Amino acid sequence: MAVAEQPISVPAPAKQRQVSQSYWSLVWWKFKRNRSAFIGGVLLLSMYVGFVLIPEFLAPYALESTSEYVEAPPTKLHFVDSNGNFSLRPFVYGMERKIDVKTRSRTYAEDTTRMYPVYFFTHGDPYKLLGFIPTDIHLYGVDQKSDPDAIVLLMGADALGRDWFTRVLYGGRLSLLIGLIGQVLTIVFGTVLGVMSGFYGGAVDQVIQRTTEFLSAFPEIPLFMALAAAIPQYWSQLTVYFMLTVILSFVRWGGLARQVRGLILSSREREYVLAAKSAGASDNRIMFRHLLPSTMSHVIVIATLAIPGMILAETALSWLGLGIRPPLTSWGTLLQDAATVRAIHTTPWELWTVPFILLTILAYNLLGDGLRDALDPYGSR
Amino acid sequence: MNEPLIEVKNLRVEFDVRAGVVKAVDGLTMTINRGKTLGVIGESGCGKSVTARAILNMIPKPGKITNGEIIYHRRVSKNGHGQMDDILDLTKTEPDGKTIRSIRGGEIGMIFQEPMSSLTPVYTAGAHIHEAVSLHHLTPVRKVGDQIAEQVTAHRSVTKEEARAIAIEMLRRVGIPKPDQRVDNYPHQLSGGQRQRVMIAVALSCEPAMLIADEPTTALDVSIEAQILDIMRELQQSANMAIMFITHNLGVIASMAEEIVVMYMGKVVEQGKVLEIFKDPKHPYTQALLKSIPQLGKKTRGERLASIAGMTPDPFNLPTGCVFHPRCPMFMAGKCDKITPQWKEVSEGHYASCLLYEEV
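None of the values given here were measured: they were computed from a predicted structure. (Residues numbered from 1 in each chain as written. Chains lettered and ligands numbered in written order. Predicted model: local features only at pLDDT ≥ 70, side-chain atom pairs only at ≥ 80, totals over all residues.)

Looking at the overall build of chain B
Phase 1 of the analysis: The secondary structure content of chain B amounts to eleven helices and twelve strands.
Phase 2 of the analysis: On C-alpha atoms alone, chain B measures out to a radius of gyration of 22 Å, which is about the 21 Å that the 2.2 N^0.38 rule sets for 360 residues.
Phase 3 of the analysis: Viewed in the frame of its principal axes, chain B has a C-alpha envelope of about 70 × 50 × 45 Å.
Phase 4 of the analysis: Going through the 360 residues of chain B one by one, you find that 42% of them count as buried.
Phase 5 of the analysis: Counting only contacts in chain B whose residues sit at least 6 apart along the sequence, the fraction spanning at least 24 positions is 63%. (Helix = DSSP H or I, 4+ residues; strand = E, 2+ residues; numbered from the N terminus. Rg over C-alpha atoms; globule rule 2.2 N^0.38 Å. Buried ≥ 20, exposed ≤ 12 C-beta atoms within 10 Å, placed from the backbone. Contact = placed C-beta atoms within 7 Å.)

Section: the overall build of chain A
Phase 1 of the analysis: Secondary structure summary: chain A contains twelve helices and four strands in total.
Phase 2 of the analysis: For chain A, the C-alpha radius of gyration of 29 Å lies well beyond 21 Å, the compact-globule estimate for 381 residues.
Phase 3 of the analysis: C-alpha atoms of chain A, sized along the principal axes, occupy 105 × 85 × 40 Å.
Phase 4 of the analysis: Split into buried and exposed, the 381 residues of chain A put 34% on the buried side.

With respect to the interface of chain A and chain B
Phase 1 of the analysis: Across the contact, 18 residues belong to chain A and 24 residues belong to chain B.
Phase 2 of the analysis: Listing elements by their share of the side of chain A that touches chain B, those giving two or more residues are α8 (271–278) and α9 (283–319) of chain A.
Phase 3 of the analysis: Top element by residues in the side of chain A that touches chain B is α8 of chain A. It accounts for seven residues.
Phase 4 of the analysis: Classifying every residue of the side of chain A that touches chain B gives seven nonpolar, seven polar and four charged. (Nonpolar A, V, L, I, M, F, W, Y, C, P; charged D, E, K, R; others polar.)

A look at the environment of Val207 of chain A
Phase 1 of the analysis: Along the polypeptide, Val207 of chain A turns up in helix α5 (residues 202–217).
Phase 2 of the analysis: Through-space distance from the C-alpha of Val207 of chain A to that of Ser197 of chain A is 8.5 Å; in sequence the pair is ten residues apart.

Here's the deal with helix α4 (residues 164–200) of chain A
Residue and element names in this part refer to chain A.
Phase 1 of the analysis: Spanning 37 residues, α4 covers 53 Å between terminal C-alpha atoms, matching the ideal 54 Å at 1.5 Å per step.
Phase 2 of the analysis: Within α4, 29 of the 37 residues are buried, which leaves the element mostly enclosed by the surrounding structure.
Phase 3 of the analysis: Among the residues trailing α4, Gly201 stands out with phi positive, at a value near 60 degrees. (Expected span 1.5 Å × (residues − 1).)

Concerning the domain arrangement of chain A
All names here are of chain A.
Phase 1 of the analysis: According to the domain assignment, chain A consists of domain 1 (69–158) and domain 2 (167–374).
Phase 2 of the analysis: Its C-alpha centre places domain 1 at a distance of 40 Å from the equivalent point of domain 2.
Phase 3 of the analysis: On the domain 2 side, the residues contacting the six residues of domain 1 number eight residues.
Phase 4 of the analysis: Its residues placed into classes, the side of domain 1 that touches domain 2 shows three nonpolar, one polar and two charged. (Domains from an automatic or database assignment.)

Regarding the pairing of strand β10 (residues 267–273) of chain B
Residues and elements named next belong to chain B.
Phase 1 of the analysis: For β10, the buried fraction is high: six of the seven residues fall into the buried class.
Phase 2 of the analysis: Direction of pairing for strand β9 (residues 259–264) relative to β10: antiparallel, over a ladder of six bridges. Residue pairing across strands places Tyr264 opposite Lys267, the latter belonging to β10.
Phase 3 of the analysis: In textbook terms, the turn of a hairpin is the stretch between consecutive antiparallel strands, and for β9 and β10 this stretch comprises two residues, one of which, Met265, has a positive phi near 45 degrees.
Phase 4 of the analysis: Where β10 meets strand β12 (residues 350–352), two bridges bridge the pair, whose relative direction is antiparallel. The partner of Glu270 across the bridge, within β12, is Ala352. (Pairing = 2+ DSSP bridges.)

Examining the sheet that holds strand β4 (residues 133–142) of chain A
Pairing between the strands of a sheet comes from backbone hydrogen bonds, and it takes one of two forms, parallel or antiparallel.
Residue and element names in this part refer to chain A.
Phase 1 of the analysis: Reading across from one edge, β1-β2-β3-β4 is the order of the four strands in this open sheet, with antiparallel pairing throughout. Two strands close off the open sheet at either side, each with one partner strand: β1 (78–80) and β4. Each strand of the sheet is rotated relative to its neighbour by a mean of 50 degrees, with strand direction disregarded.
Phase 2 of the analysis: In the sheet, β1 pairs with strand β2 (residues 86–100) via two bridges, with the strands oriented antiparallel. For His78, the partnering residue across the bridge sits in β2 and is Phe91. (Axes fitted to C-alpha atoms, helices over the stretch in contact; angles between N-to-C directions.)

Some remarks on the sheet that holds β10 of chain B
All names here are of chain B.
Phase 1 of the analysis: Reading across from one edge, β6-β7-β8-β3-β9-β10-β12-β11 is the order of the eight strands in this open sheet, with mixed pairing throughout. Of all strands in the sheet, those bounded by a partner on one side alone are β6 (108–111) and β11 (344–347). Strand after strand, the sheet turns through a mean of 20 degrees between neighbouring axes, direction not considered.
Phase 2 of the analysis: Summarising the sheet, strand β3 (residues 37–41) and strand β8 (residues 242–247) pair through five bridges and their orientation is parallel. Looking across to β8, one finds that Val40 is bridged to Ile246.

Observations regarding helix α2 (residues 35–53) of chain A
Residue and element names in this part refer to chain A.
Phase 1 of the analysis: Between the first and last C-alpha of α2 there are 26 Å, a value that for 19 residues agrees with the 27 Å anticipated at 1.5 Å per step.
Phase 2 of the analysis: Three or more residues of α2 are buried, namely Ala37, Gly40, Gly41, Leu44 and Phe51. Taken down its axis, α2 places every buried residue within 125 degrees of arc, on the same side. For α2, the exposed residues lying more than 90 degrees away from the buried face are Arg35, Val42, Leu45, Ser46 and Val49.
Phase 3 of the analysis: Taken together, the buried residues of α2 touch α1 (23–33), α3 (55–58), α4 and α12 (353–374). (Arc of directions from axis to C-beta.)

Section: the nonpolar core
Phase 1 of the analysis: Formed by 140 residues in total, the largest nonpolar core has its most connected members in Met210, Met244 and Phe245 of chain B.
Phase 2 of the analysis: Of the residues forming this core, the biggest block, 13 residues, is contributed by α9 of chain A.
Phase 3 of the analysis: Apart from the residues within four sequence positions on either side, Phe245 of chain B is in contact with Thr37, Leu38, Gly39, Val40, Ala213, Ile253, Met256 and Ala257 of chain B.
Phase 4 of the analysis: Grouped together as the second largest cluster of nonpolar side chains are 23 residues, Ala72, Val142, Tyr170 and Trp331 of chain A included. (Core = buried A, V, L, I, M, F, W, Y, C linked by C-beta atoms within 7 Å.)

What about unusual backbone geometry?
Residues and elements named next belong to chain B.
Phase 1 of the analysis: Across the junction of Lys61 and Pro62, the peptide omega takes the value 0 degrees, indicating a cis bond.
Phase 2 of the analysis: As for its placement among the helices and strands, Pro62 is situated in the loop between α1 (48–55) and β4 (63–77).
Phase 3 of the analysis: For Glu215, which is not glycine, the phi torsion reads 45 degrees and is therefore positive.
Phase 4 of the analysis: Residue placement: Glu215 occurs in the loop between β7 (210–214) and α8 (222–239).
Phase 5 of the analysis: Exposure remark for Glu215: the 20 C-beta atoms within 10 Å place this residue in the buried category.
Phase 6 of the analysis: Its identity is not glycine, yet Met265 carries a phi of approximately 45 degrees, on the positive side.
Phase 7 of the analysis: Here Met265 lies in the loop between β9 and β10.

Considerations on the confidence of the model for chain A
In regions of low pLDDT, the predicted coordinates are not meant to be interpreted in detail.
Phase 1 of the analysis: Per-residue confidence for chain A gives a mean pLDDT of 80, with 93% of residues at or over 70.
Phase 2 of the analysis: Within chain A, the lowest mean pLDDT, 76, falls on helix α6 (residues 220–229) of chain A, and the highest, 88, falls on α5 of chain A. (pLDDT = per-residue confidence, 0-100.)

Let's talk about the packing of α1 of chain A against α12 of chain A
Residues and elements named next belong to chain A.
Phase 1 of the analysis: At a closest axis distance of 9 Å, the pairing of α1 and α12 adopts a crossing angle of 135 degrees. Between α1 and α12, the interaxial angle falls into the category oblique. For the pair α1 and α12, the crossing hand works out as right-handed. Between α1, through Val27, Lys30 and Phe31, and α12, the contact on the second element is made entirely by Gly370, Leu371, Asp373 and Ala374.
Phase 2 of the analysis: Across the contact of α1 with α12, the residue classes break down as four nonpolar, one polar and two charged. (Parallel < 35°, antiparallel > 145°, perpendicular 65-115°, else oblique. Left-handed = near helix turned anticlockwise from the far one by under 90°.)

Observations concerning the pairing of β8 of chain B
All names here are of chain B.
Phase 1 of the analysis: The element β8 is largely enclosed, with a buried count of six among its six residues.
Phase 2 of the analysis: Side chains Ala242, Met244 and Ile246 project from β8 onto one buried face, and the interleaved Ile243, Phe245 and Thr247 project onto a second face that is buried too.
Phase 3 of the analysis: Bridge count between β7 and β8: five bridges; the pairing is parallel. Bridging across to β8, Asp214 finds its partner in Ile246.
Phase 4 of the analysis: Each parallel crossover has a hand, and the one from β7 via α8 to β8 is right-handed. (Right-handed = clockwise from strand over helix to strand, strands pointing away.)

Have a look at this one:
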């Protein structure tokens, strides 16, 4: 009757790794699923790389390289020549300038006898890539060495014969950076003052809150004008540029400070603040190590949605002549060039700046909107 | 062999709120001895937690210590050899000064009743312990056989690896399973009991001379409560740590404390050895309190559980004489509502403030 006890073979449980999804991995997962926000993010990333890091490479010419093609319209890219021959490599025709004696106006006509193929990764004006790699390779261009008359102006030329596309690229560098740097400063002002306001309460709170009210009640443009007027004329252009970012963020930290204050007001009553205090943490430590991090997701969203305002403010100020001044090139100064009725009539291609601004603002809004949803990964939707 | 660590003398804490002045603690005197557990019991709002916070000099606004002193016998080593007591009045320290901050957490640790929200949500369990240790520049990792290293805590900051080792060791000591994994968990990944253990680990990581436990197990279920109490007892013995155990759970206090302080409306009404108070309570309030817990094995069929009559008095308008007299079953008209009872030794080591034991 001895039944051999069969050892029951239990399959060894597959080694389970403890899977715990961190907050940020959930955020990333949710963000990726939001297509428009993802596109906005990719767009912005490529814009910042293209406009801020490598505009020298993307642009066919140097920023200050002038030509005799004053106010020339955009050159057309051709694939089929006048004889009906197809070439895979795009080419442009030479331009011939005519001056109408009666109307004293310039007109340009294509000279189909001169053909200039467009080369990629071609040699052109020398520059330093990323500020330190000397090179002269440009993304595209025509061979100017064999024929100095050859030129490619995808977006036309300005009153000094400079390639407009080149200028838009370089202008984007300052405009995009001013939004980013200015917003970083705003975050610093806004969160530090907001946290202090919420944590200490009382007199500190009163002073900070009344200051934000004062700043927000002040009409912005006159305030900018006064502050911009206070910038000495003899300062270098770069200093003026940085002062402008400081001024922009100085005026705009109030809203952020107020939101951070609200968040801190609710979390400073939590037990962990008391626990940190009883562990011997100083006020500064409690404010910036324990309370501030929990507001960061909120701050990131607010900041992302506020950057377009910053860029637009720079554009508006420069357009008014209060911000960046030539020879520095920003989208604001480019718009200023195109701001006359005459310019719109004779050189409408100078309005090419506008779609770039629109695209940037749109991308930021899409990204910010997506971030707002993604940073609350436990929320519905 | 009682060696005082904290002596609270005649402490008064007032809250100046719009409706008037509330005396949260009124003339409180008690002593916490080194290595011993003092239980503090009383109803909600009787000033237990305020007393605890007063010891760490962190009374929330608009509260203020208006009278009394809290003497702390601070043990300091003199030039590495020999130790002596430095006497410090904690009420006189700067509320956010260096002295009190080095005492908070470093020498007097505190754990709170809300384990759910006592950990900062953005930091891991290990990060909390790391912070506590690095705030006090301690290296409590002991070298085996090195007696001096055990006594002298080095005043240097810990490295990341050391902090991690300390954190894992502390989590292991408070009985958290798989401490090497849990150390990287965020508070929301831990259960309530685990969070409370992490809190205890944080409070104990600097080997404080005293631990203030403000209702540490109120929010936990009974089985976890028993584990936590075991851990506290064990750690107390190994580190010769004093515990001030605040609770309104009489069962817990009976198993934890050697001595008990009974508080009512900001005053100590009775104090004595735990067994004596449970066997022979002197103050009518203590008697009523003990009667109000159900007892196993006692024939109580048909009887209702006793409760203390009346409500706690309006804190703005305390009764004259003995504050307990409107609810007291032994109320003596003409005496209790006129005369404030004095602190009196009713038997050896057993004190009460009640007119029953005074000849008036």
